[in-house]
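Per-entry structural report
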Amino acid sequence: MTSEPRSTQSTVLVVEDDPVLNRLLTRQLAKAGHAVGSADTWAGARQRLPALQPDLVLLDMKLPDSADFVPLRELAARVPVVMLTAYGNVTQAVEAMRLGAADYLVKPVDLEELERVVQRALDHRRDHGPDPSPVAPPDSLVLTGEPTLEAIEREYLGRLLAKYGGNRRQVAEALGVSERTAYRMLERHGYRNPGER
């Protein structure tokens, strides 16, 4: 039995209310070899879901016609969901991960990162089946069991520290908060020394 190319006819639904970003994401994913549909509201997305049967949904965190995590809660049991969140909105992003999101991307979206995150989520679904919560890849923020938001935040901060070699100023920039706020967050989670994990 021969294996298919990684990107062969995976279907992605882009749900983003910013028309420029929606077009950009749709075009980039199509260029990467995916079949792509799009919607700019949650109502529009729900209408498209039955016919499109997407393998993955790229979902804006804030849509004009949805509240909180209603779309994510409805989708996560059926299909991998990658959340799109505004720069610095880390608390909501980690909560989305806790609720079953496969991953998230921070706006403005880096197009190379978009392709990596989408492909990783699709590969994970292909390898593990439709259940969105099997063992996560090692660089994912999904923790085993029922992690608290505090545990997810601590894990995320630790990964940022590792990524930036303990540089707390860069961690603050990545979080979109002041250095003082970042230091407080790090101290609260026990990261007292730059290299401490």
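Residues numbered from 1 in each chain as written. Predicted model: local features only at pLDDT ≥ 70, side-chain atom pairs only at ≥ 80, totals over all residues. Heavy atoms only, no water.

1. Some details on the pattern of salt bridges
Enumeration according to the criterion identifies nine salt bridges in this entry. Between R168 and E187 there is a salt bridge, with the nearest N and O atoms lying 3.5 Å from each other. Here E187 lies in helix α8 (residues 179-188) and R168 lies in helix α7 (residues 168-175), a separation of 19 residues in the sequence. The class of R168 is buried, set by a relative accessible area of 9%. A relative accessible area of 38% places E187 in the partly exposed class. (Salt bridge = Lys/Arg side-chain N within 4 Å of Asp/Glu carboxyl O. Helix = DSSP H or I, 4+ residues; strand = E, 2+ residues; numbered from the N terminus. Buried < 20%, exposed > 50% of the residue type's maximum accessible area, 1.4 Å probe, protein only.)

2. Regarding the nonpolar core
With 36 residues, the main nonpolar core has V57, L59, L72, L75, M83 and L175 as its most contacted residues. The element that contributes the greatest number of residues to this core is helix α6 (residues 149-163), accounting for five residues. When near neighbours in sequence (up to four residues on either side) are disregarded, L72 contacts L59, V81, M83, A96, L99 and A101. Within the second largest apolar cluster, 16 residues are counted, among which are V82, L84, L114 and V117. (Core = buried A, V, L, I, M, F, W, Y, C linked by side-chain atoms within 4.5 Å. Contact = heavy atoms within 4.5 Å.)

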